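Structure assessment
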Amino acid sequence: MKKMKRFIGVLMFLLPMIVLAQDFGKIEGKVTDKKIGETLPLVNIIIKKTALGAATGEDGKYSMKVPVGDYKVMATMMGYRAVTKKVSISADKTAVLDFELKESAIEMGGIVVTGTRTPRYIKDTPVRTEVITSRRLKERGVLNLYEALEGMPGIRVEQQCSYCNFSVIRMQGLESGHCQILIDGQPTYSGLASVYGAHQVPAGNIDRIEIVKGAGSALYGSSAISGIINIVTKKPRAEPSINVSTSFGTANTNEYTLSASRRYGNMDMMINAQKNTGAGIDEDDDGFTDRVKTDNLNIGARINAYNVLGDDQLTFSGHTLNELRQGGEIGDADSTDDWLPGAWDNPFSAGTEFIKTVRYEAGVGYKKKFHYGNETNLTLNYCTHNRNATNDGFLGDFMATHGDLIPPVNEMAPYFADENLYVVDWNYSHPIGSTHRLLGGVQYSYNILDESGRYVIVDEDDPDYGGTYTSESEKYAHDVGAYLQDEISIISGVLELVLGGRYDIHRSKDDFGGSGKVAPEERITLEYEEKAISPRIALMYKVVPEFTLRSSAGTGFRVPYGFSEDLHLCSGSPRVNKPAGLKPEKSVSFNFGADYSAEKFTINANLFRTNLQDKIGFVDASESSAKLGYTYEWANIDNAYTQGVELGSRVLLASDFALDLTLAYTDAQYENKRDDWIDNPTHGNKYAANSKYISRVPVITGDVGLGYTSDSWNLSVNSNYTGSMYIDYCCEEDVEATESYIKHTDPFWVVNTRVAKKFANQGISIFMGTKNLLDYVQDEKHPDDAAFMYAPYTGRIIYGGVEIKL
């Protein structure tokens, strides 16, 4: 704590800088679309080599006060080619500077914030940032975050359970928990949310997704080991608008969206809603779901107030999620026997899973701009996430230990999880002349997670064999971090250096107990405390305006709290224990990238390496953990590394045709062979060598996309390639079973298409598309190992719909 106080003291000493009195003038103007002549709202106006900037209003006009001098002023907006003009400012004079922007299929201009926590033009940001725009999401018919990330180089989204479709986002070979996912720059994508959230975050409210690869704990704290994915939500539009869209697809794959935006004086507001449904799919007719049945509803609202206390912005936001998903054994839907195994609508029947999710989020943000580029930001966020889940764990265990006797209804309580998360973040940025921009801030989060469920004692040697008990846990964590960063312009517009670091303190406590059988009435308490210092350095060099080199090195860490696998497996039983002495994961990562942008093509490359120390994984429960009812426990299983190269290019083949190409090579391995495959009693060392490879990491991935865009038509064809990978099959969860082995998979392609016709005068668009056009489905499935998934489990989906803009 003393180190923290000293750190904050230094931070507070450095930030309050004195700005000398200067003479000022004014720049004003408007921005229009060069092709149609209409004004453009929300265009970013940047004075290069300074921290000054503005944005156009609903009338496309802007105005800002600047010191006397000569400047280069740039207008930039996502989807348009940036335009830069020179201007001279005289004392007490107004310079008029208008811009005309032209849409571009090649150069995606715009502002990004994730790499440095400060707004930077994407081509000038010193920390390499990749962006998925809302235009790309729309052109590809994306429904949710999971689909939004498909095809991105170095990122793989996957499902790891056919009964519930538990989703995982993997970055540069490292699975969920190593990639920090943010919503509007804040870590509110919590532990419970990470289990099914990739399918639950609606694409309809995403403005863009910013991706920064490499360790990012220097700015964002725990879990930013392999990188950061920042979901930037949509903001209210300046002009009144109402958008309605609906689509219908095979297997009840339907979507309904609504958004409305309006401005009143110095305030604007927006509401949005999206409902997605999907029928359960049994692709191979084995009686078990390959895609779960879902009904998901998201509703959100946002209000901005401007110039409340000068040049500032006050924001209020709220969001709610309600979802039901059903999976597992489908059985006979027409059966009148409620207890027939597989009775689809009975949440407690054998082989089925029922998962209900209710989530509420609320946020308040305040941004204040001071004289000559100084700015402070304060955000307060709260979210509560509730899950009510059942599967056949209790029923199956009870019937197995009681001669197929059905348990009393009052014994069969669901698994309940209730998570509450509070996040406070304050930062202040301050330019020093034209060569430095300091950023400092403090972030605090408080997480509370309560769980409870009913279970059966299945150990035949236990005197209470067949008895039932309640298992409960209460967990909470305090995280506080202070960060400091300096963006240093060594050679203006050519060479820039970023130095930064963060000091974090994590304190958490787990209380475990229950009804006295297995889970003791007297609580077992585990307390955990970890401190970490995370430095980072980044360097950008513009060889020529079109060619930029970027490199970065940094450290990351991950504390052992709120693992997504805990919250996935726990719907059946409290299966994974976190024993005392578990070490945090720590990483060192290096990235080197090159980007070249010409008028008709772009090309980029990125080399990466991450060394991971004390990687955490779950292993069979020790004797002490098994006595508490656990099947597995977390352990520091080994050190690991991931390395590779990512390539990308976008080529304008003709005025309306663009070709996208991406390719990634990833080598992800443990330092040593895994113990469970060394001298295996059944398999010997047959699979020991292959066990070094981190599961589910394809060596080669790639994407080929062809897009055509005109005034009234849009066509998109995307082909995603997934190369060979290694994955464990554990028959009946027993690595020593004769049928268990490590599979080396075959490569495959998944092709998605979409075509849309716009009737501009009526504000109507119609569209249709396919997902998994070639109908590729994983050919080997094992219902006894629901996590044995490496390829699509379901085949082709055809959909079509209409969008109306008012």
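Above this text sits the structure in question.
Residues numbered from 1 in each chain as written. Predicted model: local features only at pLDDT ≥ 70, side-chain atom pairs only at ≥ 80, totals over all residues. Heavy atoms only, no water.

1. A few points about the pairing of strand E32 (residues 601–620)
In this structure, strand E31 (residues 585–597) lies alongside E32, joined through twelve bridges in antiparallel fashion. Considered in E32, the bridge of Ala594 is made with Ala605. Turn length for the E31-E32 hairpin, with the two strands adjacent in sequence and antiparallel, is three residues. Across 18 bridges, E32 lies against strand E33 (residues 632–652) in antiparallel orientation. Bridge pairing links Ile616 to Asn636 in E33. (Pairing = 2+ DSSP bridges. Helix = DSSP H or I, 4+ residues; strand = E, 2+ residues; numbered from the N terminus.)

2. What to know about the pattern of salt bridges
Inspection of every chain in the model, using the stated rule, returns 37 salt bridges. Here Lys138 and Glu803 are joined by a salt bridge, their closest N and O atoms 3.1 Å apart. Separated by 665 residues along the polypeptide, Lys138 in helix H2 (residues 134–139) and Glu803 in strand E41 (residues 797–805) bring together distant segments of the chain. Here Glu803 falls in the buried class, since its relative accessible area comes to 12%. A salt bridge links Glu529 to Lys531; the nearest nitrogen and oxygen atoms lie 3.9 Å apart. Linked by salt bridges that have partners in common, Arg128, Glu130, Lys213, Arg550, Asp595 and Glu646 make up one network. (Salt bridge = Lys/Arg side-chain N within 4 Å of Asp/Glu carboxyl O. Buried < 20%, exposed > 50% of the residue type's maximum accessible area, 1.4 Å probe, protein only.)

3. Digging into the side chain of Asn272
Among the structural elements, Asn272 can be located in strand E19 (residues 267–278). Of the polar contacts made by the side chain of Asn272, one reaches the side chain of Asn205; its length is 3.2 Å. Those residues in contact with Asn272 that sit more than four places away from it in its chain are Asn205, Leu258, Ser259, Asn298, Ile299, Gly300 and Ala301. (Polar contact = N/O pair within 3.5 Å; in protein donor to acceptor, adjacent residues only side chain to side chain. Contact = heavy atoms within 4.5 Å.)

4. A few points about the environment of Ser625
Summarising the element assignment, Ser625 is placed in helix H8 (residues 623–626). We classify Ser625 as buried; its relative accessible area is 2%. As for Ser625 and Val576, which are separated by 49 residues in sequence, their C-alpha atoms are 8.7 Å apart. Non-local contacts of Ser625, meaning those with residues more than four positions away in its chain, are made with Asn577, Tyr630 and Glu633.

5. Structural notes on the nonpolar core
If you look at the biggest cluster of nonpolar residues, it comprises 26 residues, and the most contacted ones within it are Cys161, Cys164, Phe166 and Tyr196. For this core, the secondary structure elements donating two or more residues are helix H4 (193–200), strand E24 (415–432), strand E25 (436–456) and strand E26 (468–491). Ranked by size, the runner-up nonpolar core spans 24 residues in total, among them Val142, Leu149, Val201 and Ile211. (Core = buried A, V, L, I, M, F, W, Y, C linked by side-chain atoms within 4.5 Å.)

6. Looking at helix H6 (residues 393–401)
Those residues of H6 that sit buried are Gly393, Phe394, Leu395, Phe398 and Thr401. As for H6, its buried residues are in contact with E25 and E26. Where H6 ends, the next residue or the one after it, Gly403, has phi of about 60 degrees, a positive value.

7. Looking at the packing of aromatic side chains
Counting across every chain of the model gives 18 aromatic pairs. Aromatic side chains Tyr455 and Tyr469 sit 5.9 Å apart centroid to centroid with 50 degrees between the ring planes, which places their arrangement in the tilted category. Highlighted residues: Tyr455 in strand E25 and Tyr469 in strand E26, separated in sequence by 14 residues. Pair check on accessibility: Tyr455 and Tyr469 agree, each one buried. Ring centres 4.8 Å apart and planes at 45 degrees place the aromatic pair Phe657 and Tyr708 in the tilted group. Within this pair, whereas Phe657 is found in strand E34 (residues 657–670), its partner Tyr708 is found in strand E35 (residues 700–709), the two being separated by 51 residues in sequence. The class for Phe657 is partly exposed, based on a relative accessible area of 34%. Given the relative accessible area of 24%, Tyr708 is considered partly exposed. (Phe/Tyr/Trp six-rings, centres within 6.5 Å; stacked < 30°, edge-to-face > 60°.)

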